[in-house]
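# Chain and residue survey
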Amino acid sequence: MAPSRRTKIFIFSSSFALIIYLIRRYRRYLRLKKSFKLVQSQKTSLMSITLPSSIGINKRFFNQLLVIIKILIPRLRSDSFVLFITHLTALISRTFLSVYIARLDGAIVKSLVQRNPRDFIRTISIFLTVAIPASFINSFIKFAESKLALAFRSKLTRYAYDSYFRNQTYYRISNLDTRLLTPDQNLTDDIETFTTTLTHLFSHLTKPFFDIAVVSWTLVVMVLEKKRARGLKEVPILTIIVIFMTFLALRKFSPRFGKLVSEEARRRGLLRLAHTRIITNAEEIAFFDGHEVEKDWILKLYCQLREQTNLIIKKKLWFIMFEQFLMKYFWHSCGMVFIAIPILTYDGSGETDDPIGDPLGISSRTEAFTVSKNLLSSGADAVERVISSYKEIAQLAGYTNRVYTMLHVFEECAHERYQLRPMTVGEDSYIEAKRKVNLNPQGEGQIIESDEDIIAENLPIITPNGDVIIESLSLKITPNMHVLITGPNGCGKSSFFRIVRGLWPIYSGFLHRPNPSNFFLIPQRPYMCPGTLRDQIIYPHRMGQVRIDDNHIMEILNNVELQYIVQREGGLNVERDWKDILSGGEKQRLGLARIFYHKPKYALLDECTSAVSIDVEGKIYERVKKLGISLLTITHRPSLWTYHTHLLQFNGDGQWTFEILDREKHLTLKGEKERVESQLAGVPEIQRRLDELRQLLGEDITDDQN
Ligand SMILES: Nc1ncnc2c1ncn2[C@@H]1O[C@H](COP(=O)(O)OP(=O)(O)OP(=O)(O)O)[C@@H](O)[C@H]1O
């Protein structure tokens with residue numbers, strides 16, 4: 001039959017509208033592509049890091065998951081296990097209730113078909129009574145799921161924090177290792193997403209599994225009751241074949257969601273890192289008017305995140321379409337066929353057990369149909385949920401990999417096993433570093449705890465990148481010495497402190513030094529912790545842990561000439577954002593105040609008075625020395641020479657000298673050096689004038705110069 005005119009018009013206008021829509025979408029896509037052209041073209045080095053290709057539902061995933069589950073449920077008596085069992089019980093109860101309700105539904109229909117008001121009222125009353133615990137259980141399952149997710153999250157977070165704050169791992173992660181670019185993201189978002197996905201999946205999968213088991217059992221029992229139906233053996237086999245084929249097809253065509261979401265989470269972390277950097281350096285950026293550069297950078301990271309999210313959305317579109325086709329429509333048709341086989345072949349005539357008489361057995365058949373339809377549909381729903389969880393399991397594999405990697409890297413760093421480039425799996429940067437200095441890769445330097453002295457024997461200073469700054473350093477510092485450390489920028493002055501304090505490992509030689517608690521480092525930009533003025537001074541101690549009276553605090557503040565701050569800021573117990581409200585010099589003096597509180601054996605002062613006036617700086621140094629504290633000072637200020645007895649000088653080319661500081665000699669040498677420098681500065685000017693004069697006198701410049 002030829003289509004009518006109205007149908008033709010409809011088809012034509014729909015096609016036209018679709019074409020217009022597609023053209024507009026394409027143009028929009030081109031516009032967007034153009035506007036992001038700049039940022040798309042620049043690939044950051046961070047983004048070029050590739051993820052391991054084995055992220056997915058495989059043995060590695062199950063092994064990783066098992067390790068994490070042992071952390072989540074450490075003992076059978078732990079709270080997370082109790083919650084887990086409670087949740088499981090609720091899920092099982094719901095399955096049994098569903099079956100009971102399905103049967104009840106059948107009984108209601110039966111009483112209706114029989115036109116039996118007494119049975120109808122009785123069954124509907126039971127239905128309403130059962131609805132109360134059923135609704136409670138439904139709500140309780142959600143409650144238990146959230147509680148379980150929270151318990152898992154707390155367990156994992158506590159475990160991760162323990163690792164993160166052990167053995168200065170937080171420092172090592174960002175300074176000595178490059179596998180985790182955004183530990184903050186791993187510790188917060190990743191843990192949360194992982195635990196929520198895990199508990200959701202548990203809920204999502206456990207119930208369907210129970211449903212399948214109980215529904216199958218109930219159907220088998222029903223079938224056994226109806227022995228006269230035919231085709232009953234084929235139905236379960238066909239069902240299993242259909243389910244299995246669907247699973248295989250979905251697995252074959254499923255995109256690698258684990259890897260995709262893992263990459264998305266990583267890009268989200270980088271974007272967050274960029275925001276944190278801007279917040280931390282807002283003042284510097286504002287002074288430079290650097291917002292355009294920062295915006296471009298942030299936009300670039302955002303675009304890369306957007307690109308990944310878009311990719312996942314697109315992949316989901318096709319996959320869900322395929323999944324829906326198989327599980328909604330194809331299964332529905334199969335289901336109808338499977339339900340039809342026993343019903344059509346069942347010969348139930350002659351059943352006369354109905355009180356009001358039902359010679360054709362219609363009421364029983366209707367009841368059986370209603371119950372089996374309900375059961376089959378909830379069984380199909382359960383299988384559908386199990387299979388459609390495939391992509392969620394794949395996503396869980398991605399998050400599991402991120403959480404596992406985080407814990408693994410924490411563990412490795414705590415045990416001084418580092419890796420510089422995450423892309424080169426298995427390469428040991430330490431061994432590489434040692435090769436650079438021709439050291440035996442197997443031999444480690446040794447740190448030996450001494451009573452008081454710092455003794456370095458053939459100790460190299462090597463950066464985490466493996467660059468050798470000093471090949472071999474040998475010196476002895478005793479507590480009665482005050483050592484001034486100088487040298488050009490980047491020559492290894494601060495690195496020497498890092499090694500002495502144990503932040504950087506040593507590759508060879510020996511380092512004898514007292515316990516790290518005998519050292520206290522004051523950097524150029526002192527760290528201001530959250531809390532009161534008192535908290536700043538006693539950091540890293542905490543109030544409640546130590547007792548310190550106000551007079552002592554005031555005395556310390558007097559020592560660094562900061563007593564006026566107490567009145568200005570409203571007392572010792574006022575919490576402020578000290579980083580923002582104090583000037584650079586005030587912050588440095590507050591940093592120095594910590595020395596008067598902790599009274600360490602050695603004070604490591606890394607240009608920590610660069611913003612303090614020279615007179616106040618002198619007074620503070622005198623007061624520190626009076627306490628018997630040994631000074632190790634990095635400075636470029638000659639005014640500080642007075643307070644030191646020895647000089648450790650790095651030349652910048654790997655050479656160094658350690659000698660008694662002869663202040664007069666050094667002042668004379670420094671004066672002479674400055675004179676020579678100023679004379680040399682004038683040489684080009686004199687040379688230019690000489691050339692001019694020669695030109696005026698008609699002399700040959702080049703000949704003479706040669
Ligand atoms: N975490 C790190 N990873 C890799 N290399 C580093 C690291 N920290 C410092 N370096 C490198 O070590 C070298 C010495 O740095 P160090 O901080 O010791 O210099 P410095 O003498 O204190 O310089 P300045 O006077 O400028 O403070 C520099 O080349 C620096 O680039």
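Residues numbered from 1 in each chain as written. Predicted model: local features only at pLDDT ≥ 70, side-chain atom pairs only at ≥ 80, totals over all residues. Heavy atoms only, no water.

Naming follows an unreviewed UniProt entry, where the protein appears as ATP-binding cassette sub-family D member 2 of Rotaria magnacalcarata. Heading Sequence similarities (unreviewed entry) of the UniProt record for the protein holds this comment: "Belongs to the ABC transporter superfamily. ABCD family. Peroxisomal fatty acyl CoA transporter (TC 3.A.1.203) subfamily." The record in UniProt for the protein states the following under Subcellular location (unreviewed entry): "Peroxisome membrane". (UniProt positions renumbered as here; feature names shortened; annotations may be inferred.)

Broken down by element type, the protein carries 23 helices and 12 strands. Here the protein holds 706 residues, and 42% of them are scored as buried. Excluding contacts between residues fewer than 6 apart, the proportion of contacts in the protein whose partners are at least 24 apart in sequence is 76%. As displayed, the protein offers around 40,000 Å² of accessible surface, 60% of which is attributable to carbon and sulfur atoms. (Helix = DSSP H or I, 4+ residues; strand = E, 2+ residues; numbered from the N terminus. Buried < 20%, exposed > 50% of the residue type's maximum accessible area, 1.4 Å probe, protein only. Contact = heavy atoms within 4.5 Å. Areas by Shrake-Rupley, 256 points an atom, 1.4 Å probe, with all protein chains shown as cover.)

Taken together, 15 residues lie around the ligand, and N489, G490, K493, S494 and S495 are the ones closest in. Contact between the ligand and G490: an oxygen atom at 2.8 Å from a main-chain N or O atom of the residue. Here an oxygen atom of the ligand and a side-chain polar atom of K493 are 2.8 Å apart. Taking 640 Å² as the accessible area of the ligand by itself, protein coverage stands at 68%. Examining the composition of the shell around the ligand, we find that 4 residues originate from one element, helix α15 (residues 493-501), more than from any other. Here the residues of the shell around the ligand are counted per class, giving 4 nonpolar, 8 polar and 3 charged. (Near = heavy atom within 4 Å. Polar contact = N/O pair within 3.5 Å; in protein donor to acceptor, adjacent residues only side chain to side chain. Nonpolar A, V, L, I, M, F, W, Y, C, P; charged D, E, K, R; others polar.)

With that settled, consider the sheet that holds strand β6 (residues 519-522). The sheet built from 6 strands is open, its strands ordered β6-β9-β10-β4-β11-β12 with mixed pairing. Edge positions in the open sheet fall to β6 and β12 (656-660), since each of these has one partner strand only. Recorded for the sheet is a direction-independent mean angle of 15° between the axes of neighbouring strands. Pairing of strand β9 (residues 602-606) with strand β10 (residues 630-634) involves 5 bridges; the strand directions are parallel. Each bridged residue has a counterpart across the sheet, and for L604 the counterpart in β10 is L632. (Pairing = 2+ DSSP bridges. Axes fitted to C-alpha atoms, helices over the stretch in contact; angles between N-to-C directions.)

This part covers a nonpolar patch on the surface. Taken together, the side chains of I241, F244, M245, F247 and L248 define a hydrophobic patch exposed on the protein surface, amounting to about 470 Å² of accessible area. Assessed through its relative accessible area of 49%, F244 is described here as partly exposed. (Patch = residues over 30% accessible without salt bridge, like charges linked within 9 Å, V, L, I, M, F, W, Y side chains within 5 Å. Salt bridge = Lys/Arg side-chain N within 4 Å of Asp/Glu carboxyl O.)

In space, the 4 strands of this open sheet follow the order β1-β5-β2-β3, with mixed pairing throughout. Because the sheet does not close on itself, it has two edges, and the strands there are β1 (446-449) and β3 (468-477). Across the sheet, the mean angle separating the axes of adjacent strands is 25° when strand polarity is ignored. Two elements, strand β2 (residues 454-462) and strand β5 (residues 510-513), share 3 bridges in a ladder whose sense is antiparallel. Each bridged residue has a counterpart across the sheet, and for A456 the counterpart in β5 is L511.

Residue position: H408 is located in helix α13 (residues 390-414). Residue classification places H408 among the partly exposed positions, given a relative accessible area of 35%. Taking the C-alpha atoms as reference points, H408 and S163, 245 residues apart in sequence, are found 9.7 Å from one another.

All right, on to the side chain of Q395 then. Tracing the backbone through its elements, the reader meets Q395 in helix α13. Non-local contacts of Q395, meaning those with residues more than four positions away in its chain, are made with F257, G258, V261 and K316.

For β9, the buried fraction is high: 5 of the 5 residues fall into the buried class. Where burial is concerned, the two faces of β9 agree: the one with Y602, L604 and D606 and the one with A603 and L605 are both buried. In this sheet, β9 lies alongside β6 in parallel orientation, the contact comprising 4 bridges. Within β9, the position partnered with F519 by the bridge is Y602. Regarding the hand of the β-α-β motif, the stretch spanning β9, helix α21 (residues 614-626) and β10 is right-handed. (Right-handed = clockwise from strand over helix to strand, strands pointing away.)

Turning next to the confidence of the model for the protein. Mean pLDDT over the protein stands at 81; residues scoring 70 or higher make up 82%. Below pLDDT 50 for its whole length, residues 35-51 participates in 36 contacts with residues either more than four positions away or in separate chains. Confidence drops under pLDDT 50 across residues 422-431; counting only partners more than four residues distant or on other chains, this segment forms 19 contacts. Here the complex is predicted with pTM 0.68, and the ipTM for its interfaces comes to 0.95. (pLDDT = per-residue confidence, 0-100.)

We now examine the side chain of Q308. Mapped onto the elements, Q308 comes out in helix α11 (residues 291-345). Apart from residues no more than four positions distant in its own chain, Q308 is found in contact with L260, E263, E264 and R267.

Right, let's get into the pattern of salt bridges. In total, this model carries 26 salt bridges according to the counting rule given. With its nearest N and O atoms 3.1 Å apart, the salt bridge here joins E412 to R179. Of this pair, E412 sits in helix α13 while R179 sits in the loop between α6 (169-175) and α7 (183-225), and the two are 233 residues apart along the sequence. The same class applies to E412 and to R179, which are both buried. Taking the shortest distance from any N to any O, the salt bridge between R277 and E294 comes out at 3.5 Å. Remark: E294 occurs in helix α11 and R277 occurs in helix α9 (residues 257-280); sequence separation between them is 17 residues. Taken together, the shared-partner salt bridges in this structure form one network comprising D177, R179, E412 and R417.

By the element assignment, A160 lies in helix α5 (residues 117-164). A160 gets classed as buried once you look at its relative accessible area, which sits at 0%. For the pair A160 and L407, spaced 247 residues apart in the sequence, the C-alpha separation amounts to 6.5 Å. Aside from chain neighbours lying at most four places away, what touches A160 is L187, I191, M406, L407 and F410.

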